[in-house]
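This is what each chain is made of:
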Amino acid sequence: MNCKLWSMDNNAEISRKMGVNCGQLGNNLPSPSRSIVLIKSLKAGHVKHANPDILNALEGTNIQVSIMVPNQLISNISSSQSLANEWVRTNNVPFYPKTLTHYLLVGNEIFSFSSNQDRQTWYGLVQAMSRLKYSLKIHNIRNIKIGTTIAMDVLQSSFPPSNGMFRSDISIPVMKPLLQFLNRTKSYSFLDAYPNFPWSGDPTNINLDYAFLKGNQTYTNLLDQMLDSVIFAMTKLGFPNVRLVIAETGWPNARDVDQIGANIFNTATYNRNLIRRMTSKLAIGTPAHPNVVIPTFIFALYNENQKGGPGTERHWGLLNSDGTSVYEVDLTEKRPKFD
């Protein structure tokens, strides 16, 4: 899932600004310049995985940006410093510093795929990240953090959260050096976390209010439970202090007839509760990491009519393809509170 809005880094106030994914898998979406107007109207703080047209349109704004190295380039970049230098020269230098690029994400959910070629990508990831970091340095670009986005399927065990553990095929050979890199460079672990997926897979045993970030137990909501399972997994490898970014989260607003729970009311409930929590003046964090700000991107800016798969895949947007709101939402949570 692609173009993102979010909250930023060391400045606590900035870091409470929500971000949005602005995917472009549609043949009826607004132009980049119109998209920026809409992003500003939502009061988003960050755009993630921006393409060159979006980067150009963001020039001179105070909206921060992350860009992504495609999965298929990771192996080649890992083996060639000249390719890393060329990628940075082509995809970063022309827009810097007029566009506020803040994060460079190397790949997206690469551990969700496990063919022989995919595994080659796994093992080249940290080397590619290191080469790109060096490329930024030689171009005198020093304020961009490098990371990668993982999905919840990196875990072998996730419940209860204290049992969180990375899969045996990636834990020591891949995740440990990745976490070493993130810890050394003071970067983040970017996580795609969708409570809709575990809830819709087991709605009998997982309460809908729990998925909606409501409740009064030790774990008040499913999102915290998911985040802490990753925190415990990182801790078991010796890296308890690598901070998380929620790279993607959201709730689908429409569905096929055989899918459950995807409707505008549920989408509005989840996202409004999420925004209220993540923009709180008092940082909430999670039970395992309390009182910390968790930068968060909502997926997605638009409903995208060219995405494949079930009906929910085309209906995650805050906005319709004509730019109108799917439901009333303000990413600053300045409007009246909702249940």
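Just so you know, these numbers come straight off a predicted model, no measurement behind them.

K.L.:
I would appreciate a short explanation of the overall build of the protein chain in the present structure.
P.N.:
Secondary structure assignment for the protein chain yields eleven helices and eleven strands. Computed over C-alpha atoms, the radius of gyration of the protein chain comes to 19 Å, within 12% of the 20 Å expected from 2.2 N^0.38 for 339 residues, which places it in the range of a compact globule. Counting only C-alpha atoms, the protein chain reaches 50 × 45 × 40 Å along its principal axes. Relative to its full complement of 339 residues, the protein chain shows a buried share of 55%. In the protein chain, the share of contacts with a sequence separation of at least 24, taken over all contacts with a separation of at least 6, comes to 70%. Counting every atom, the protein chain has about 14,400 Å² of accessible surface; 50% of that belongs to carbon and sulfur. Side-chain charges of the protein chain comprise 32 positive and 24 negative groups, with the mean position of each set lying 9 Å from the other.

K.L.:
How do you make sense of empty space enclosed by the protein when you look at a structure like this?
P.N.:
It is the rolling of a water-molecule-sized probe over the atoms that shows where space remains empty. The tally for this structure, following the rule as stated, stands at three cavities of 30 Å³ or more. Approximately 80 Å³ is the volume attributed to the largest cavity. Together, R16, R277, M278, S280, L282, A283, I284, G285, V292, V293 and I294 line the largest cavity.

K.L.:
Quick question: what am I supposed to make of the pattern of salt bridges here?
P.N.:
Side chains that differ in charge, positive against negative, can pair when their charged atoms come close. For the coordinates displayed, the defined rule picks out five salt bridges. The shortest N-O distance in the salt bridge between D169 and R167 comes to 3.1 Å. Of the residues examined, D169 reaches a relative accessible area of 26% and is grouped as partly exposed. The buried category is assigned to R167, whose relative accessible area is 16%. Between K307 and E313 there is a salt bridge, and its shortest N-O distance comes to 3.5 Å. Its relative accessible area of 12% is what places K307 among the buried residues.

K.L.:
Can you help me understand the nonpolar core in this one?
P.N.:
For soluble globular proteins, the rule of thumb is that nonpolar side chains tend to be buried together. Counting 88 residues, the largest nonpolar core has F111 and L132 as the members making the most contacts within it. Sort the elements by how many residues they give to this core and helix α10 (residues 222-236) lands first, with eight residues. For L132, the residues in contact, after removing those within four places along its chain, are V69, I77, A84, W87, V88, L104, V106 and I146. Membership of the second largest hydrophobic core comes to seven residues, among which are F190, V245, A247 and F297.

K.L.:
Sorry if this is basic, but what is going on with unusual backbone geometry here?
P.N.:
In most cases, non-glycine residues show a negative phi, while peptide bonds are predominantly trans. The step from Y96 to P97 runs through a cis peptide bond, and the omega angle for that step is 0°. Its place among the elements puts P97 in the loop between α5 (81-91) and β5 (100-108). In this model, F299 is joined to A300 through a cis peptide bond whose omega is 10°. Locating A300 in the fold gives a position in the segment after β11 (296-299).

K.L.:
Explanation requested: the packing of α5 against helix α6 (residues 116-138) in the structure shown.
P.N.:
Between two packed helices, what matters for the description is the angle formed by their axes and the separation of those axes. At a minimum axis distance of 9 Å, the contact between α5 and α6 shows a crossing angle of 55°. By the angle between their axes, α5 is oblique relative to α6. The handedness of the crossing between α5 and α6 comes out as right-handed. Two secondary-structure elements touch here, α5 through Q81, A84, N85, W87 and V88 and α6 through R131, L132, Y134, S135, L136 and I138. In terms of residue class, the contact of α5 with α6 is made up of seven nonpolar, three polar and one charged.

K.L.:
Help me understand the packing of aromatic side chains, please; the structure alone is not making it clear to me.
P.N.:
The geometry of two aromatic rings is summed up by the distance between their centres and the angle between their planes. Throughout the structure, instances matching the rule amount to twelve aromatic pairs. Note on Y194 and W316: the rings are 5.1 Å apart at their centroids and 70° apart in plane angle, and the pair reads as edge-to-face. You can see Y194 sitting in the loop between β9 (188-192) and α8 (196-201) and its partner W316 sitting in the segment after β11, a full 122 residues away along the chain.

K.L.:
I tried to follow the packing of α6 against helix α7 (residues 171-184) on my own but got confused; where do I start?
P.N.:
Where α6 meets α7, the axes come as close as 8 Å, and the angle between the chain directions of the two elements is 15°. Classified by the interaxial angle, the pair formed by α6 and α7 is roughly parallel. Note on packing geometry: the crossing formed by α6 with α7 is left-handed. Taking contact as the criterion, the partners of W122, Y123, L125, V126, M129, S130 and K133 in α6 are, on α7, P173, V174, P177, L178, F181 and L182. A class-by-class count of the residues in the contact of α6 with α7 yields eleven nonpolar, one polar and one charged.

Basis of the calculations
Residues numbered from 1 in each chain as written. Predicted model: local features only at pLDDT ≥ 70, side-chain atom pairs only at ≥ 80, totals over all residues. Heavy atoms only, no water. Helix = DSSP H or I, 4+ residues; strand = E, 2+ residues; numbered from the N terminus. Rg over C-alpha atoms; globule rule 2.2 N^0.38 Å. Buried < 20%, exposed > 50% of the residue type's maximum accessible area, 1.4 Å probe, protein only. Contact = heavy atoms within 4.5 Å. Areas by Shrake-Rupley, 256 points an atom, 1.4 Å probe, with all protein chains shown as cover. Lys, Arg positive; Asp, Glu negative; His and termini not counted. Charge placed at Lys NZ, Arg CZ, Asp CG, Glu CD. 1 Å grid on protein atoms, 1.4 Å probe; cavity = no way out; pocket = protein on both sides within 12 Å on 5 of 7 lines; lining within 4 Å. Points joined across faces, edges and corners; volume = space filled by probe spheres on them. Salt bridge = Lys/Arg side-chain N within 4 Å of Asp/Glu carboxyl O. Core = buried A, V, L, I, M, F, W, Y, C linked by side-chain atoms within 4.5 Å. Axes fitted to C-alpha atoms, helices over the stretch in contact; angles between N-to-C directions. Parallel < 35°, antiparallel > 145°, perpendicular 65-115°, else oblique. Left-handed = near helix turned anticlockwise from the far one by under 90°. Nonpolar A, V, L, I, M, F, W, Y, C, P; charged D, E, K, R; others polar. Phe/Tyr/Trp six-rings, centres within 6.5 Å; stacked < 30°, edge-to-face > 60°.

Geometric descriptors of this kind do not, in isolation, establish any biological role.
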